[in-house]
Amino acid sequence: MNSGPLPWTPCGAVRRDHAAKFCGLSATTFDAMVRDGVLPQPRLLGERIKVWLIADLEAALASLPPAGGDSEGNTCDAAFGIR
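Residues numbered from 1 in each chain as written. Predicted model: local features only at pLDDT ≥ 70, side-chain atom pairs only at ≥ 80, totals over all residues. Heavy atoms only, no water.

(A) Just the overall build of the chain, in detail. Counting its secondary structure elements, the chain contains 4 helices and 3 strands. Reading the chain from its N end, one meets helices and strands in the order β-α-α-β-β-α-α. The buried share among the 83 residues of the chain stands at 16%. As displayed, the chain offers around 6,500 Å² of accessible surface, 57% of which is attributable to carbon and sulfur atoms. (Helix = DSSP H or I, 4+ residues; strand = E, 2+ residues; numbered from the N terminus. Buried < 20%, exposed > 50% of the residue type's maximum accessible area, 1.4 Å probe, protein only. Areas by Shrake-Rupley, 256 points an atom, 1.4 Å probe, with all protein chains shown as cover.)

This is the structure:
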């Protein structure tokens, strides 16, 4: 049974629309977060093509605070008494 094409897996560098999707954002929100310095600026390929490195996006996303507001540790740390 064929379930269709494999899911899109980004690698290396992506253009704006795919960068926004990779981050789970609309293009408008992505642009605002880039403008505000939350997400990285694009890199230039040649004179006009802007791309975002997946590694840069992953690092920026990983540096965001957790949704619960606890910026130290995680639930596993608490369960094992690590702080």
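(B) Expanded view of a nonpolar patch on the surface. On the surface, a nonpolar cluster with roughly 190 Å² of combined accessible area is contributed by Val38, Leu61 and Leu64. By secondary structure assignment, the location of valine 38 is in the loop between α2 (27-35) and β2 (43-45). Of the residues examined, valine 38 reaches a relative accessible area of 34% and is grouped as partly exposed. (Patch = residues over 30% accessible without salt bridge, like charges linked within 9 Å, V, L, I, M, F, W, Y side chains within 5 Å. Salt bridge = Lys/Arg side-chain N within 4 Å of Asp/Glu carboxyl O.)

(C) Representation of the sheet that holds β2 in the model. As summarised here, the arrangement of the 3 strands in space is β1-β3-β2, forming an open sheet in which the pairing is antiparallel. Two strands in the sheet have a free side with no partner beyond their single neighbour: β1 (13-14) and β2. With 3 bridges connecting them, β2 and strand β3 (residues 49-53) associate as antiparallel partners. What sits directly across from leucine 44, in β3, is lysine 50. Across the sheet, helix α3 (residues 54-62) is in contact with β1, β2 and β3; its angle to β3 comes to roughly 50°. (Pairing = 2+ DSSP bridges. Contact = heavy atoms within 4.5 Å. Axes fitted to C-alpha atoms, helices over the stretch in contact; angles between N-to-C directions.)

(D) Region of interest: the packing of aromatic side chains. This structure, assessed with the given rule, holds 1 aromatic pair. On the basis of an interplanar angle of 75° and a centroid distance of 5.1 Å, the ring pair of phenylalanine 30 and tryptophan 52 is categorised as edge-to-face. Pair noted here: phenylalanine 30 is in helix α2 and tryptophan 52 is in strand β3, with a separation of 22 residues, a long-range link. Each member of the pair phenylalanine 30 and tryptophan 52 is classed as buried. (Phe/Tyr/Trp six-rings, centres within 6.5 Å; stacked < 30°, edge-to-face > 60°.)

(E) Looking closely at the pattern of salt bridges. Here the structure, examined in full by the defined rule, presents 3 salt bridges. Put simply, aspartate 17 and arginine 16 hold a salt bridge, and the shortest N to O gap is 3.3 Å. Notably, a salt bridge pairs aspartate 31 with arginine 16, separated by 2.8 Å at the nearest N-O pair. Here aspartate 31 is found in helix α2, whereas its partner arginine 16 is found in helix α1 (residues 16-23), with 15 residues between them in sequence. Overall, aspartate 31 belongs to the partly exposed group, its relative accessible area being 28%. Through salt bridges with shared partners, one network takes in Arg16, Asp17 and Asp31.

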